[in-house]
Each structure stands twice: as C-alpha cells, then as structure tokens.
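Examination of the molecular architecture
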Amino acid sequence: GNSVTQMEGPVTLSEEAFLTINCTYTATGYPSLFWYVQYPGEGLQLLLKATKADDKGSNKGFEATYRKETTSFHLEKGSVQVSDSAVYFCALSVRGSTLGRLYFGRGTQLTVWP
Amino acid sequence: EAGVAQSPRYKIIEKRQSVAFWCNPISGHATLYWYQQILGQGPKLLIQFQNNGVVDDSQLPKDRFSAERLKGVDSTLKIQPAKLEDSAVYLCASSLDGTNYNEQFFGPGTRLTVL
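This report concerns the structure included in the present document. (Residues numbered from 1 in each chain as written. Chains lettered and ligands numbered in written order. Predicted model: local features only at pLDDT ≥ 70, side-chain atom pairs only at ≥ 80, totals over all residues. Heavy atoms only, no water.)

What follows deals with the state of the cysteines. Residue and element names in this part refer to chain B. Scanning all chains against the criterion turns up two disulfides over all chains. Here Cys-23 engages in a disulfide with Cys-92; their sulfurs sit 1.9 Å apart. Judged by the sign of its S-S torsion, about -70 degrees, the bond between Cys-23 and Cys-92 is left-handed. On the criterion of sequence distance, the pair formed by Cys-23 in strand S3 (residues 19-24) and Cys-92 in strand S9 (residues 88-95) is long-range, its members being 69 residues apart. What makes Cys-92 buried here is its relative accessible area of 0%. (Disulfide = S-S within 2.5 Å. Helix = DSSP H or I, 4+ residues; strand = E, 2+ residues; numbered from the N terminus. Buried < 20%, exposed > 50% of the residue type's maximum accessible area, 1.4 Å probe, protein only.)

Looking now at the interface of chain B and chain A. Every contact between the two is made by 24 residues of chain B and, on the other side, 23 residues of chain A. Across the chain B/chain A interface, buried area totals approximately 1700 Å², and carbon plus sulfur atoms make up 48% of it. Counting across the interface, chain B meets chain A through one salt bridge. In this structure, Asp-56 of chain B engages Arg-101 of chain A in a salt bridge whose closest nitrogen and oxygen atoms are separated by 3.6 Å. (Contact = heavy atoms within 4.5 Å. Buried area = accessible area lost by both parts, 1.4 Å probe. Salt bridge = Lys/Arg side-chain N within 4 Å of Asp/Glu carboxyl O.)

Here the focus is the nonpolar core. If you look at the biggest cluster of nonpolar residues, it comprises 27 residues, and the most contacted ones within it are Leu-19, Trp-35, Leu-47, Leu-48, Phe-73, Leu-75 and Tyr-88 of chain A. Secondary structure elements with two or more residues in this core: strand S2 (11-14), strand S3 (19-21), strand S4 (23-26), strand S5 (31-38), strand S6 (44-50), strand S8 (62-65), strand S10 (86-94) and strand S12 (108-113) of chain A. It is S10 of chain A that provides the largest number of residues to this core, a total of five residues. Dropping the residues within four chain positions of it, Tyr-88 of chain A is found in contact with Gln-6, Ile-21, Trp-35, Tyr-36, Val-37, Leu-47, Phe-62, Leu-75, Gly-107, Thr-108 and Leu-110 of chain A. Listed in part, the 21 residues of the second largest apolar core include Trp-34, Leu-46, Ile-47 and Ile-79 of chain B. (Core = buried A, V, L, I, M, F, W, Y, C linked by side-chain atoms within 4.5 Å.)

Let's shift gears to the pairing of S12 of chain A. All names here are of chain A. Alternating residues of S12 divide into Thr-108, Leu-110 and Val-112, all buried, and Gln-109, Thr-111 and Trp-113, none buried. As paired strands, S2 and S12 are joined by four bridges and run parallel to one another. The residue bridging Leu-13 from the neighbouring strand is Val-112, located in S12. Relative to S12, S10 is paired through three bridges, and the arrangement is antiparallel. Paired with Ala-86 across the strands is Leu-110, a residue of S12. (Pairing = 2+ DSSP bridges.)

Here is the structure:
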C-alpha cells in the first residue's frame, strides 16, 4: 500500500542549528512527495514538493531531495529560526492517479529556542 | 484570493449527539477533500468530491458519517451519532482538479471534542 514514515518528535533546537527531519515512504505507484507545515493555530500549508526521482524541492530555506533508491524525502534546513517552530508533515500522492489523495506521516513537532 | 473557509472552528458535544461541519473551498476548485486528523497522527482522507460527485469514500465510516457537496461548491460533513473516538480535527481541502500535481489548499480545520 501507500504509507509515509517520519521521525518522531518532538525536535528541539537552538536558533541557527541545522535541521533534519527524516521521511521514508512506500508506494504502489510512482509517487509525488510533499512536505506540509502547520504553524500554531493555522491550517496546513504546502512547504515544498518534488514530483520525480532526484528532484529537489526548496522553499524558505528548506530543502528535500526525492531519493528513489532509498525511498526517502528528508527535510533539511541549514539554520533554523524561532519562526520555524511548527509541525511538519511528510506526504505522498501516487502519480498517474486521478484521485490526488494525500497520504500523510504522523508529523514532527519542531520547537526552536532563541 | 480567499482561502478555504471552515466553520465552526471548535465544537464540543456529548457522545450520541449529532454534529455538522461546513466547508467553502477556493472559488473554481473542482476537487474537495475532507480529512480527519486525530491528535498525534497525520491527516487521513475521509472523502473526496470531484465537483458534486463522490470519487473516493472508502475510508468514510458510512454507518455514522455522511457528506454532501450540493451544486459542486460548499460541502457539509455530518456525524450522527458521535462516538468518543471521533474527537479530532476535521480538515477541508480543495484543489483545481484531482490530479496529484495540483496543490491542495487546506482550511483551518474544525476541532471536535466528544465527551
């Protein structure tokens, strides 16, 4: 089936620290991969995406590379800020499907201290 | 551009009561999704509409949950009767169409507490 596994949180970092949140997936077809972010009191927002192997998605200093050989899509940021504190969700959608439904991981809570 | 609107934002009910949630998607978006997000878990799809037709309701507990999207715009999700395990955040999302490369835009969610 289709599923996403991401590292459990919470993750607590100091400002300017390096961030990695691991995400691996299983998919019945060829997936597109996404990272969504949920800031406190707000809805889910798309952070970045990649639609084929070796693509790198990037936004707001965050990056993730679609690794088909390791079925991974790890989220990284070189220097986190307090404003990055949020819950991060890895998700996939199977390419070629007209349904477009998203399969989400459990989410990783990130807290950044000044 | 206005985002996805949901109401109410919060709802507290007792078990066996009924509750309804409303969603207004982004104008022009043909596809509408309802997700259930239980505390500590990722969102899980309940039902997906393409215009006013259901394309996926395989995860919807049909003995107690129902949803409709009249006229292909607004949607309502109903639970009757509610159980304790229905306590969750109910998220509505919309996209231009159902293809997986179109971004889904999420509303703020309705937090349901069943006592």
